[in-house]
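Letter by letter, the chains look like this.
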Amino acid sequence: MEEDNQSFFWIKSEGQERLATENMIPGNQVYKEKLIIKSNIEYRLWDPFRSKLAAAIMNELEYFPFENKSQVLYLGASTGTTVSHVSDIIGSSGIVFGVEHASRVARDFLDRVASHRSNVIPILQDARKPKEYFSVFGKVDVVYVDIAQPDQTQIAIDNCEMFLKKGGYFFLVIKTRSIDVTKPPKRIVAEEIEKLKSRFDVLQTIDLHPYDKDHAMVISKFKS
Ligand code: SAM
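The structure presented is a predicted model; accordingly, all values stated were derived computationally and were not measured.

Novice: I'd love a proper account of the nonpolar core, names of residues and values included.
Specialist: Counting residues in hydrophobic clusters, the biggest one holds 35 residues, and the most contacted among them are Trp46, Leu53, Leu61, Phe64, Phe66 and Phe171. Mapped onto the domain boundaries, this core takes at least three residues apiece from domain 1 (2–45) and domain 2 (52–222). Ranked by size, the runner-up nonpolar core spans 30 residues in total, among them Leu73, Leu75, Val145 and Ile174.

Novice: Now, about helix 6 (residues 185–196): what can you tell me, with residues and values included?
Specialist: With twelve residues, helix 6 ought to run about 16 Å at 1.5 Å a step, and its terminal C-alpha atoms sit 17 Å apart, in line with that. For helix 6, the full list of buried residues reads Ile188, Val189, Glu192, Ile193 and Leu196. Looking down the long axis of helix 6, one finds its buried residues gathered within 135° of arc, a one-sided arrangement. Contact partners of the buried residues in helix 6: helix 4 (152–163), strand 9 (164–175), helix 5 (176–179), strand 10 (200–207) and strand 11 (215–222).

Novice: Give a description of the domain arrangement of the chain that names residues and reports values.
Specialist: The accessible area lost on association of the parts is a frequent measure of interface size. Entries for the chain in the domain assignment read domain 1 (2–45) and domain 2 (52–222). The straight-line distance from the C-alpha centre of domain 1 to that of domain 2 is 22 Å. Interface area for domain 1 against domain 2, summed over the two sides, is near 1,400 Å², with a carbon-plus-sulfur share of 63%. Counting every contact that joins domain 1 to domain 2 gives one salt bridge. With a shortest N-O distance of 2.9 Å, aspartate 88 and arginine 44 are connected by a salt bridge. Here domain 1 is connected to domain 2 by nine residue pairs in polar contact (both at pLDDT 80 or more).

How each quantity is defined
Residues numbered from 1 in each chain as written. Predicted model: local features only at pLDDT ≥ 70, side-chain atom pairs only at ≥ 80, totals over all residues. Heavy atoms only, no water. Core = buried A, V, L, I, M, F, W, Y, C linked by side-chain atoms within 4.5 Å. Buried < 20%, exposed > 50% of the residue type's maximum accessible area, 1.4 Å probe, protein only. Domains from an automatic or database assignment. Helix = DSSP H or I, 4+ residues; strand = E, 2+ residues; numbered from the N terminus. Expected span 1.5 Å × (residues − 1). Arc of directions from axis to C-beta. Contact = heavy atoms within 4.5 Å. Buried area = accessible area lost by both parts, 1.4 Å probe. Salt bridge = Lys/Arg side-chain N within 4 Å of Asp/Glu carboxyl O. Polar contact = N/O pair within 3.5 Å; in protein donor to acceptor, adjacent residues only side chain to side chain.

Following this line, the structure appears as structure tokens:
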């Protein structure tokens, strides 16, 4: 993928070009990632073994709708590793709403990420109950879903129906083993894609190997 809008960067570190975002909060680390200053700008290395969005970029993601001022609904924020890089990319005029239901990880998400970043709105709710996210306002440009639940595709579709703009982008991480351990991964991904087709144009499917085993990412666009 061409890096044309400077959403992310390739920075030389230890002899290799590595993925990075410009740190919105200079000096602040989220997951002990390396900070590198180049021409007076501080970058945070973005680890594809820790973030599936970074893994997708490494594996030739062709669509990257996260940009300055984007509004994003992110389901399964966990401790906020990926959310923090999305926050860097969208900048202070963007917003990422991060939904997480487990209170223990949500505490880390607040301490490490949301409390430092004005563009991150934490939502401690179950993604099955989108009507209870009172803090989401308007419609978003991107819905990103990584919740590893057997019924996640339906949960994701319900959230898109409520919050995604027509023509907006939908990123779905499929953890094949959390859906059905008895079926071959390719078949599971194909079945999940089938569920999307009436409401979405499916654009790309990416296997996240070797960064993440048993995971695929499906990128689609909400039909107008
Ligand atoms: N996306 C994260 C990242 O890249 O840093 C990792 C997400 S982790 C695989 C899945 C997260 O989804 C867990 O923190 C889990 O608690 C959360 N989750 C699972 N089911 C959920 C639900 N129904 N509502 C909200 N969060 C949920």
